Structures are given as structure tokens and as C-alpha cells.
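Spelled out, the chains give:
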Amino acid sequence: QVQLVESGGGLVQPGGSLRLSCAASGSLSGPYTLGWYRQPPGKTRELVASMRSPGAASLGAAQYADSVKGRFAISLDAAMNTLYLQMNGLKPDDTAVYYCNVYDLWGGVDYWGQGTQVTVSS
């Protein structure tokens, strides 16, 4: 069982930066992936960035949606059970509710946070 709580959203101007945090509690017995999703107004939820859990047997770099490559970076502070999304060069199209996600690979279960609003506007 995992519980996730996002924070760090807010109103920023185009070109600005913002760092989202996802505090996790609980644990899983097997491998999992970590990620950030977002849901723009009137649109479906989409994957923004993802990464493997620490110590995963299969190596792989973080994955990013084409729309955010070079601007966003996902990272994990494993000791603090906190996942981050650093967002730079923000654009109005980045406006969305952002959700933290943990996917249990063995159990096939998604865990979600409550979401945090990011608004990019002048």
C-alpha cells in the first residue's frame, strides 16, 4: 500500500520554473515505476515523465513526453521518499493538474496522489 501527496503547484508566468514534490508513505514488495502525469483543462490525463525504482534489475533512463523534453526533469530522493518534477521554461500549454503516480509492476496497481494545480499565465 502506498499513499502519495503532491505539493508545489501554483501560478507562474511563461518562461518561469516550478518544482513539484510528491511525498510517499508505505512500501511495496516488488519493483515499481515512478511518474508524473498531467490533465490539462478539457483533456485526458497524459504521462509527462517516468523512471524506474532504485535498484531495478533492468537499467533505463527516465522517459519524457516529447512536449516536455529538455524542459522537465524527474528525480527521486529515496531517503526522503520524495519524488520531484523540476519544470523549467514553462509554457501556457503546461497548465494542468499534475498527478504523482506509482505503478506496482508485480501487482499491476496504480497509486495516485490528489493532484496539484499548475497554471502558467501572465
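Going by the structure above, here's the rest.
Below is a summary of the structure that appears in this document. (Residues numbered from 1 in each chain as written. Predicted model: local features only at pLDDT ≥ 70, side-chain atom pairs only at ≥ 80, totals over all residues. Heavy atoms only, no water.)

### Description of the overall build of the protein chain
Secondary structure assignment for the protein chain yields zero helices and eleven strands. For the protein chain, the spread of C-alpha atoms along the three principal axes comes to 45 × 25 × 25 Å. Counting over 122 residues, the protein chain shows a buried share of 35%. Partitioning the intrachain contacts of the protein chain with sequence separation of at least 6 by distance along the chain shows that 56% fall at a separation of at least 24. Considering the protein chain, the positive charge centre built from 8 side chains and the negative charge centre built from 8 side chains are found 6 Å apart. (Helix = DSSP H or I, 4+ residues; strand = E, 2+ residues; numbered from the N terminus. Buried < 20%, exposed > 50% of the residue type's maximum accessible area, 1.4 Å probe, protein only. Contact = heavy atoms within 4.5 Å. Lys, Arg positive; Asp, Glu negative; His and termini not counted. Charge placed at Lys NZ, Arg CZ, Asp CG, Glu CD.)

### Digging into the nonpolar core
Among the nonpolar cores identified, the biggest contains 24 residues, and Leu-20, Trp-36, Val-48, Phe-72, Leu-85, Met-87 and Tyr-98 are the most heavily contacted of them. Mapped by element, the contributors of at least two residues to this core are strand 1 (2-7), strand 3 (18-26), strand 4 (32-39), strand 5 (46-52), strand 7 (72-77), strand 8 (82-87), strand 9 (96-104) and strand 11 (116-120). Top contributing element to this core by residue count: strand 9, with four residues. Ignoring anything within four residues of it in the chain, the contact list for Leu-85 reads Leu-18, Arg-19, Leu-20, Trp-36, Val-48, Ala-49, Phe-72, Ala-73, Ile-74 and Tyr-98. (Core = buried A, V, L, I, M, F, W, Y, C linked by side-chain atoms within 4.5 Å.)

### Notes on the environment of Asn-88
In this fold, Asn-88 is placed in the loop between strand 8 and strand 9. Under the relative-accessibility criterion, Asn-88 is labelled partly exposed at 33%. Once the C-alpha coordinates of Asn-88 and Asn-101 are considered, the two residues, 13 residues apart in sequence, prove to be 21 Å apart. Among all residues touching Asn-88, those that are not within four sequence positions of it are Gly-16, Ser-17, Arg-71 and Phe-72.

### Thoughts on the pattern of salt bridges
Within the structure shown, the criterion is met by four salt bridges. A salt bridge links Asp-94 to Arg-38, with the shortest nitrogen-to-oxygen separation between them at 2.9 Å. Placement of the pair is Asp-94 in the loop between strand 8 and strand 9 and Arg-38 in strand 4, with a sequence separation of 56 residues. By relative accessible area, which is 1% here, Asp-94 ends up buried. Judged by relative accessible area, Arg-38 falls into the buried class, the value being 4%. A cluster of three or more residues bridged by salt bridges with shared partners is formed by Arg-38, Glu-46, Arg-71 and Asp-94. (Salt bridge = Lys/Arg side-chain N within 4 Å of Asp/Glu carboxyl O.)

### So, the pairing of strand 11
A one-sided burial pattern is seen for strand 11, the buried positions being Thr-116, Val-118 and Val-120 and the unburied ones Gln-117 and Thr-119. For strand 2 (residues 10-12) and strand 11, the ladder comprises three bridges, and the chain directions are parallel. Within the sheet, the bridge partner assigned to Gly-10 lies in strand 11 and is Val-118. (Pairing = 2+ DSSP bridges.)

### Remarks on the packing of aromatic side chains
This model, assessed by the stated rule, comprises one aromatic pair. Positioned over the ring face of Tyr-99 is Arg-45, at 3.8 Å from the centre of the ring. If you follow Arg-45 out to its NZ or CZ, it ends over the ring of Trp-112, 4.5 Å from the centre. (Phe/Tyr/Trp six-rings, centres within 6.5 Å; stacked < 30°, edge-to-face > 60°. Lys NZ or Arg CZ within 6 Å of the ring centre and 35° of its normal.)

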